[in-house]
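# Observations on the three-dimensional arrangement
If you want the building blocks of each chain, they are given just below.
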Amino acid sequence: MSVILEARNIVRDYHVPGSFLKKAKTVHAVKGVSFQVEKGKTLAIVGESGCGKSTLGRILTLIDPATSGDLLIEGNKVDIAKGDLTPEMRRKVQIVFQNPYGSLNPRQKIGDILTEPLVINTKTPADERRDRAMTLLKKVGLEEKHYNRYPHMFSGGQRQRVAIARALMLNPKLLVLDEPVSALDLSVQAQVLNLLADLQDEFQLTYVFISHDLSVVRYIADEVMVMYFGEAVEYGSRDEVFADPKHSYTKTLFAATPRADVDSIRARLAKKKAA
Amino acid sequence: MALLEIENLVVEFETASGPFRAVNGVSMKVHEGEVLAIVGESGSGKSVSMLAAMGLLPWTAKVTADKLTFNGRDLLAMPASERRKIIGKDIAMIFQEPVASLNPCFTVGFQIEEVLRVHMGLDKAARRKRAIELFQAVGIADPAERLGSYPHQMSGGQCQRVMIAIAIACNPKLLIADEPTTALDVTIQKQILDLLMKLQADHGMGLIMITHNMGVVAETADRVVVQYKGRKMEEADVLTLFENPKSNYTRALLAALPDNATGDRLPTISELFVDDQVEGAAR
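Residues numbered from 1 in each chain as written. Chains lettered and ligands numbered in written order. Predicted model: local features only at pLDDT ≥ 70, side-chain atom pairs only at ≥ 80, totals over all residues.

- Under an unreviewed UniProt entry, chain B has the name ABC transporter ATP-binding protein and belongs to Aminobacter carboxidus.
- Under the UniProt heading Sequence similarities (unreviewed entry), the entry covering chain B gives this text: "Belongs to the ABC transporter superfamily."
- Under the UniProt heading Subcellular location (unreviewed entry), the entry covering chain B gives this text: "Cell inner membrane". (UniProt positions renumbered as here; feature names shortened; annotations may be inferred.)

- As recorded in an unreviewed UniProt entry, chain A goes by Dipeptide ABC transporter ATP-binding protein and comes from Aminobacter carboxidus.
- Recorded in UniProt under Subcellular location (unreviewed entry), the annotation for chain A is "Cell inner membrane".
- The record held by UniProt for chain A lists under Sequence similarities (unreviewed entry) the comment "Belongs to the ABC transporter superfamily."

### Section: the overall build of chain B
- For chain B, the helix and strand inventory stands at 13 helices and eleven strands.
- Over its C-alpha trace chain B gives a radius of gyration of 20 Å, about what one expects of a compact globule, namely 19 Å for 283 residues.
- Taken along the three principal axes of its C-alpha coordinates, chain B extends 65 × 45 × 40 Å.
- The buried share of chain B, reckoned over its 283 residues, is 46%. (Helix = DSSP H or I, 4+ residues; strand = E, 2+ residues; numbered from the N terminus. Rg over C-alpha atoms; globule rule 2.2 N^0.38 Å. Buried ≥ 20, exposed ≤ 12 C-beta atoms within 10 Å, placed from the backbone.)

### Some thoughts on the interface of chain A and chain B
- Facing 28 residues of chain A, the contacting portion of chain B comprises 29 residues.
- Those elements that provide at least two residues to the side of chain A that touches chain B are helix H6 (186-203), helix H7 (214-220), helix H9 (248-256) and helix H10 (262-274) of chain A.
- Of the residues forming the side of chain A that touches chain B, the biggest block, seven residues, is contributed by H6(A).
- A breakdown of the residues in the side of chain A that touches chain B according to their chemical character gives 13 nonpolar, nine polar and six charged. (Contact = placed C-beta atoms within 7 Å. Nonpolar A, V, L, I, M, F, W, Y, C, P; charged D, E, K, R; others polar.)

### With respect to the sheet that holds strand E2 (residues 25-38) of chain A
Residue and element names in this part refer to chain A.
- The sheet built from four strands is open, its strands ordered E2-E1-E4-E5 with antiparallel pairing. Of all strands in the sheet, those with a lone pairing partner are E2 and strand E5 (76-78), marking the two edges. Strand after strand, the sheet turns through a mean of 25 degrees between neighbouring axes, direction not considered.
- Relative to E5, strand E4 (residues 68-73) runs antiparallel, the two sharing three bridges. By the bridge assignment, Leu72 is partnered in E5 with Lys77.
- The strands touched by helix H1 (residues 53-60) within the sheet are strand E1 (3-16), E2 and E4, with E1 carrying the most contacts at an inclination of about 120 degrees. (Pairing = 2+ DSSP bridges. Axes fitted to C-alpha atoms, helices over the stretch in contact; angles between N-to-C directions.)

### Examining the UniProt feature "domain: ABC transporter" (unreviewed entry) in chain A
- Annotation from UniProt places "domain: ABC transporter" (unreviewed entry) at residues 5-254 of chain A.
- For residues 5-254 of chain A, the helix share is 36%, the strand share is 27%, and the end-to-end C-alpha distance is 28 Å.

### Considerations on helix H8 (residues 186-203) of chain B
- An ideal rise of 1.5 Å per residue puts 26 Å on 18 residues; H8(B) measures up with 25 Å between its terminal C-alpha atoms.
- Taken together, the buried positions of H8(B) are Val186(B), Ile188(B), Gln189(B), Ile192(B), Leu193(B), Leu196(B) and Gln200(B). Buried residues of H8(B), viewed axially, fall in a sector of 150 degrees; they line one side.
- Against the buried residues of H8(B) lie H9 of chain A together with strand E3 (35-39), helix H7 (156-167), strand E8 (174-178), strand E9 (206-211) and helix H9 (214-220) of chain B. (Expected span 1.5 Å × (residues − 1). Arc of directions from axis to C-beta.)

### Details of the environment of Thr61(A)
All names here are of chain A.
- Among the secondary structure elements, Thr61 is positioned in the loop between H1 and E4.
- Taking the C-alpha atoms as reference, Thr61 lies 20 Å from Asp222; in sequence the two are 161 residues apart.
- When residues no more than four places from it in sequence are discounted, the contact partners of Thr61 are Val93, Ile95 and Val176.

### A short note on helix H5 (residues 124-137) of chain B
All names here are of chain B.
- The terminal C-alpha atoms of H5, which comprises 14 residues, lie 20 Å apart, in line with the 20 Å expected from a rise of 1.5 Å per residue.
- Among the residues of H5, those classed as buried are Arg127, Ala131, Leu134 and Phe135. Projected onto a plane normal to the axis of H5, the buried residues spread over an arc of 100 degrees and lie on a single side. Within H5, the exposed residues directed more than 90 degrees away from the buried face are Ala125, Lys129 and Glu133.
- Where H5 terminates, the next one or two residues include Gly139, which has phi positive at roughly 80 degrees.

### Thoughts on the packing of H7(B) against H8(B)
Residues and elements named next belong to chain B.
- The interhelical angle for the contact between H7 and H8, taken along N-to-C directions, is 15 degrees, at an axis separation of 10 Å. Between H7 and H8, the angle is such that the two are roughly parallel. Viewed along their axes, H7 and H8 form a crossing whose handedness is right-handed. Contact residues: H7 offers Gly157, Gln160 and Ile164, while H8 offers Ile188, Gln191, Ile192, Leu195 and Leu196. (Parallel < 35°, antiparallel > 145°, perpendicular 65-115°, else oblique. Left-handed = near helix turned anticlockwise from the far one by under 90°.)

Rendered as structure tokens:
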């Protein structure tokens, strides 16, 4: 198996400038995180808001540079602060954002949203761009007639499908999914997760799946990394992490996740009756 | 006697393409000291039916019901001024987005004291004392200090605690929590749910939990109403619902939980559940 993505000791600091009354301070958002993802696998990054998981996602997607540390994509070191970001690099990694209501431009038609990455990053002629957009629309479970519609005409799940199609337009190797289903209903969530699984099989995609929902992570991930205040406190295969969490934060996280099985309901009701 | 009784509630909104029926004949009862969960996806009318009971819908909504009573008093027949005395005092509501539902222009202390002034008629010193008590009850550290904070200076979890403090300020008989933890992290969600359950048990309130999270239902509810497209699909006590769901929709909803996944694809609702109405329209 080939390693698609490798991160070595990634650090990201944000400098908050000081003012007359306030001292400048540095926020350490990501404090030295290392991991590897193999081709066709899914790494889930779990943590609560403010733990640096989205910052890490932005670094992996080559949106923000890391303060220090190495990022290797298919074995090539990339440092966008040094200007390593070529259109070829950009085509390898794409992202799907959390909120499909905010990540699609309301004034662009679906067709324009889908073809824009090609316009920017490639010299594909217009008719090929259109063909590719049509193909992907069907791949993600939409129809050709949706090409000329605007985002507001779609439901949340359909919009997330459009966002996924847009991310796939450049034929990426790696897809960063930043909480792709947390804004969706349960039934739609199941559909989108299935779609992601189908696409992974078909295109041999590698996923970095950022989430705070452990039940989703357990279902989709091959490997799991738990982040807490910018550090990776737990990293291992899914079965290892779920069967035997080592760090106290991971245990807290598991304990806090509501359980929807009959035994835990029985236990709760019995406890309530006793009280 | 039931605290809140709703029979055959219908809510319609006037739209450009004719009336839209958001709630279609829903009935339910909540007793004192009982936790009722209303489950459904977005668009199932679960929030709208509760907003209708609270009388908080805009004028475009047409609310009709065979019966809509609180503590035996007809909510639809009473004048608005009467109703306002009940709402916020005896029936209180916690909204989904804690940060958005607090007024950013006023301190949280002002907002909690407003409720105490309007409904309880307390004087300034008593209001402040009660506000500090309430902040302590919901677990806000440094309550006296925090009264002077604005919502943006607090985290999402803290704002939700403030919302809960405001809601329980007048010792309501019925508390309606509309997706109280959807915007929060799981660890914070656990704290808020524990807090709500503790307050509910301490005060013997009736509690309605509106949620789409089956885990939250399993952790909190005594009885569950499942809604879909404005209709009630099923009502059962929590154990029966999870063990032996009657309606196909509930079964599909439970099967779509990633926790229950077997194999490498999740069953989706559309595979398991065929909506008769949609089917009928297609034919």
